[in-house]
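Fold and contact review
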Amino acid sequence: AQTVTQSQPEMSVQEAETVTLSCTYDTSESDYYLFWYKQPPSRQMILVIRQEAYKQQNATENRFSVNFQKAAKSFSLKISDSQLGDAAMYFCAYRSLQYQGGSEKLVFGKGMKLTVNP
Amino acid sequence: NAGVTQTPKFRILKIGQSMTLQCTQDMNHNYMYWYRQDPGMGLKLIYYSVGAGITDKGEVPNGYNVSRSTTEDFPLRLELAAPSQTSVYFCASLSGGEGYGYTFGSGTRLTVV
């Protein structure tokens, strides 16, 4: 079974600075998706960015980018020019591309709380 | 387009009571899921469905039941509430065969006392 590990339960960053959130995963599969979700105090789960394992190019969405190291099974999220609105829980998640009885399940890490200091 | 709608948003139950958490999606998605979120534990899959009439257990199904009579609805039933079921519950849906993440509902905070 796949597992996702977020080893840092909390981090803080100064407004306008850059912060990197780490995530590692364990899988024997070669094709999969990886995601970062943001959960602000409103509780809503918001998709931040996704990465297809077959793509070597790292995904980027505005101030958010990932460092995907497939061999090391590492998937870190970099937030540039941090803003107060970035304060939230961040979850790393894995989804298999291989057929699993059609479940398309997401496997989540335990999450990390990001604080942004003004 | 409402997406995934969960009701209620908050609920307090007494031990032994029963309730149903409602989940409806209007995107004609085949796949639907129920997760629970406990502090510091991430999200754990309770049940999922790959289409109307088809459901299966996830990682933590004990104490819960589901049904999927229509594509739109995927209610989660708690029959005999226990304090261990105090959690935040999320419903989510997915079209299937695409590389995007789920569409989540806004969650239900359930407290069992």
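Cut-offs applied
Residues numbered from 1 in each chain as written. Chains lettered and ligands numbered in written order. Predicted model: local features only at pLDDT ≥ 70, side-chain atom pairs only at ≥ 80, totals over all residues. Heavy atoms only, no water. Contact = heavy atoms within 4.5 Å. Buried area = accessible area lost by both parts, 1.4 Å probe. Salt bridge = Lys/Arg side-chain N within 4 Å of Asp/Glu carboxyl O. Polar contact = N/O pair within 3.5 Å; in protein donor to acceptor, adjacent residues only side chain to side chain. Helix = DSSP H or I, 4+ residues; strand = E, 2+ residues; numbered from the N terminus. Disulfide = S-S within 2.5 Å. Buried < 20%, exposed > 50% of the residue type's maximum accessible area, 1.4 Å probe, protein only. Pairing = 2+ DSSP bridges. Axes fitted to C-alpha atoms, helices over the stretch in contact; angles between N-to-C directions. Core = buried A, V, L, I, M, F, W, Y, C linked by side-chain atoms within 4.5 Å. Phe/Tyr/Trp six-rings, centres within 6.5 Å; stacked < 30°, edge-to-face > 60°. Lys NZ or Arg CZ within 6 Å of the ring centre and 35° of its normal.

**Side note on the interface of chain A and chain B**
On the side of chain B, 28 residues touch chain A, which itself brings 20 residues to the contact. Interface area for chain A against chain B, summed over the two sides, is near 1900 Å², with a carbon-plus-sulfur share of 52%. Among the residues chain A hides against chain B, the three largest losses belong to A:Arg43, A:Phe108 and A:Lys110. Together they make up 30% of the total. Joining chain A to chain B, the criterion identifies zero salt bridges. One can count eight residue pairs in polar contact (both at pLDDT 80 or more) joining chain A with chain B. Ranked by residues supplied to the side of chain A that touches chain B, first place goes to strand β5 (residues 32-39) of chain A with four residues.

**Quick notes on the state of the cysteines**
Here a disulfide denotes one covalent bond, and it connects the sulfur atoms of two cysteines. All names here are of chain A. Using the criterion set out here, one finds two disulfides over all chains in the structure. Paired through a disulfide, Cys23 and Cys92 show a sulfur-sulfur distance of 2.0 Å. The S-S bond linking Cys23 to Cys92 shows a torsion near -70°; that makes this disulfide left-handed. Here Cys92 lies in strand β10 (residues 88-96) and Cys23 lies in the loop between β3 (19-21) and β4 (24-26), a separation of 69 residues in the sequence. Side by side, Cys23 and Cys92 carry an identical accessibility label, which is buried.

**Some thoughts on the sheet that holds strand β8 (residues 76-78) of chain B**
Residue and element names in this part refer to chain B. Across the sheet, four strands lie side by side as β1-β3-β8-β7; this open sheet has antiparallel pairing. Both outer strands of the open sheet, β1 (4-7) and β7 (64-66), are each paired with one neighbouring strand and no more. Strand-to-strand twist across the sheet, computed as the mean angle between neighbouring axes with direction ignored, equals 20°. Of the pairings in the sheet, the one linking strand β3 (residues 19-25) to β8 comprises three bridges and is antiparallel in character. Across the sheet, residue Thr20 finds its bridge partner in β8, namely Arg77.

**Description of the environment of B:Leu110**
Examined against the element boundaries, B:Leu110 turns out to sit in strand β11 (residues 108-112). Dropping the residues within four chain positions of it, B:Leu110 is found in contact with B:Arg11, B:Leu13, B:Met19, B:Leu78, B:Gln85, B:Thr86, B:Ser87 and B:Tyr89.

**Here we look at the nonpolar core**
By size, the foremost hydrophobic cluster in this structure holds 26 residues, and its most contacted members are A:Trp36, A:Leu77 and A:Tyr90. Those elements that provide at least two residues to this core are β3, β5, β6 (46-52), β8 (64-69), β9 (74-79), β10 and β12 (112-117) of chain A. Here this core takes four residues from β10(A), the largest share from any one element. Excluding anything up to four places from it in sequence, A:Leu77 contacts A:Val19, A:Thr20, A:Leu21, A:Trp36, A:Val48, A:Ile49, A:Phe64, A:Ser65, A:Val66 and A:Tyr90. Of all hydrophobic cores here, the second largest spans 20 residues; its members include A:Ala93, B:Tyr35, B:Leu43 and B:Tyr102.

**Topic: the packing of aromatic side chains**
Counted by the stated rule, this structure contains 19 aromatic pairs over all chains. On the numbers, 5.8 Å between centres and 65° between planes, the contact of B:Tyr64 with B:Tyr89 is edge-to-face. Of the two residues, B:Tyr64 is situated in strand β7 and B:Tyr89 in strand β9 (residues 87-94); the sequence distance between them amounts to 25 residues. By the burial criterion, B:Tyr64 is buried, and B:Tyr89 matches it. Residues B:Tyr102 and B:Phe104 carry aromatic rings whose centres are separated by 5.7 Å and whose planes lie at 45° to one another, so their mutual orientation is tilted. Take B:Tyr102: its relative accessible area is 5%, and that puts it in the buried class. Feature note: the residues A:Tyr33, A:Phe35, A:Tyr37, A:Phe91, A:Phe108, B:Tyr33, B:Tyr35, B:Tyr48, B:Phe90, B:Tyr102 and B:Phe104 constitute an aromatic cluster, connected by ring pairs. When the ring centre of B:Phe10 is taken as reference, the NZ or CZ atom of A:Arg43 above it lies at 5.2 Å.

**Examining the side chain of A:Ser76**
Residue and element names in this part refer to chain A. Inspection of the secondary structure puts Ser76 in strand β9. We classify Ser76 as buried; its relative accessible area is 12%. Every residue in contact with Ser76, bar those within four places of it in the chain, is listed here: Thr20, Leu21, Ser22, Cys23, Trp36, Ser65, Val66 and Asn67.

**Regarding unusual backbone geometry**
A negative phi holds for most residues other than glycine; trans holds for most peptide bonds. Cis peptide bonds are those with omega within 30 degrees of zero, and the linkage from B:Thr7 to B:Pro8 qualifies with -5°. Checked against the element boundaries, B:Pro8 lands in the loop between β1 and β2 (10-13). Phi at A:Lys73 is positive, roughly 55°, even though this residue is not glycine. Structurally, the position occupied by A:Lys73 is in the loop between β8 and β9. Relative accessible area serves as the criterion here: at 25%, A:Lys73 is assigned to the partly exposed category. Within the chain, A:Asp81 stands out as a residue other than glycine whose phi angle is a positive 50°. The residue A:Asp81 is located in the loop between β9 and β10 in this model.

Interpretation in functional terms is not warranted from these geometric data alone.
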